[in-house]
Amino acid sequence: MPEKELEQDQIEESPDTEPEVRRRGFFTRRNAVIAALAGILLLAIFSIISVVSYRYGVLDTYVKGQFRAKMEEIGIVFDADVFRLTVSPLELQLKNATFNDRVSGEKLFFVRDATIGLTVQDIFAWQLSRDITVDSTDINGAEVWVKFDEEGRSNFSNLVFETKESRLNFRYESVKFSLQDGTVHFGDLSRKITGDANNVILLVEPENY
């Protein structure tokens, strides 16, 4: 009789008879709340960094450096009294900007006042390079120098427009261009022709954006 009771006690204490413990899934309500809070925190940190960078001109300095590097790659030395980037709306503002030939040092363009509307492509994508589309260009007051030497060589012949990809790439796919109060200086030594065109107005707008 004691042996039967002992066997019965061993059966009751056997691990096989213990109730199963439910395992909690990873996607629980608690983990979802933590992930949401982490996302909000990262967004807040990103916003603070963006505001501080814009406030203290860090973004202006970075874009200006990339823009100047792109101009030098084309063959142009760029400088401006005012180079300002606004966030809302995203615009680039230039005042008294000069564009000179890097090789000869001759003047190519001068822009007194310009506002360039921009759009950043795939702003939240994780990538080393960034494409910026130029949507509109409004220029008020500009000078352009067009010259040809005795051999018919233009002062724009040193420019190279096929450039390599960089961190910041400007795309002119859907550009809306407006020029007011422009001046064009023209000179052709081979034909002995010189002249100036004042009060030039140029409006360009694509039919299909």
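Anything mentioned here points back to the structure above.
Please read these numbers as outputs of a predicted model, since none were measured by experiment.

Reading guide: rules and limits
Residues numbered from 1 in each chain as written. Predicted model: local features only at pLDDT ≥ 70, side-chain atom pairs only at ≥ 80, totals over all residues. Heavy atoms only, no water. Core = buried A, V, L, I, M, F, W, Y, C linked by side-chain atoms within 4.5 Å. Buried < 20%, exposed > 50% of the residue type's maximum accessible area, 1.4 Å probe, protein only. Contact = heavy atoms within 4.5 Å. Salt bridge = Lys/Arg side-chain N within 4 Å of Asp/Glu carboxyl O. Helix = DSSP H or I, 4+ residues; strand = E, 2+ residues; numbered from the N terminus. Pairing = 2+ DSSP bridges.

Caption draft 1: Inspection of the nonpolar core at higher detail. Residues F78, L94 and F99 are the most contacted members of the largest nonpolar core, which totals 25 residues. Residues within four places of L94 in sequence aside, it is in contact with F78, V82, F83, R112, D113, A114 and I116.

Caption draft 2: A look at the pattern of salt bridges. Applying the stated criterion across every chain yields a total of 5 salt bridges. In this structure, K70 and E73 form a salt bridge, with 3.9 Å as the shortest nitrogen-oxygen distance. Here E73 and K70 lie together in helix α3 (residues 58-74), a separation of 3 residues that amounts to about one turn. A residue is classified by how much of its surface remains accessible, and K70, at 10% relative accessible area, is buried. R191 serves as the salt-bridge partner of D188, at 3.0 Å between the closest nitrogen and oxygen. Relative accessible area serves as the criterion here: at 5%, D188 is assigned to the buried category.

Caption draft 3: Molecular detail of the environment of F110. Here F110 shows up in strand β3 (residues 107-120). A relative accessible area of 23% means that F110 is categorised as partly exposed. Sequence separation of F110 and V144 is 34 residues, and the distance between their C-alpha atoms is 6.6 Å. Sequence-distant contacts of F110, defined by excluding residues within four places in its chain, comprise N96, A97, T98, G141, A142, E143 and W145.

Caption draft 4: Here's a closer look at the pairing of strand β7 (residues 193-204). Taking burial as the measure, the 12 residues of β7 include 0 buried ones, a minor fraction of the element. Relative to β7, strand β6 (residues 176-188) is paired through 9 bridges, and the arrangement is antiparallel. When the bridges of β7 are listed, F177 appears paired with V204. Linking β6 back to β7 in an antiparallel pair, the connection comprises 4 residues, with K192 at a positive phi of about 55°.

Caption draft 5: Molecular detail of unusual backbone geometry. Despite not being glycine, N96 has its phi angle at roughly 55°, a positive value. Position of N96 among the secondary structure elements: in strand β2 (residues 91-101). The class of N96 is partly exposed, set by a relative accessible area of 32%. For K192, which is not glycine, the phi torsion reads 55° and is therefore positive. When you line up the elements, K192 lands in the loop between β6 and β7.

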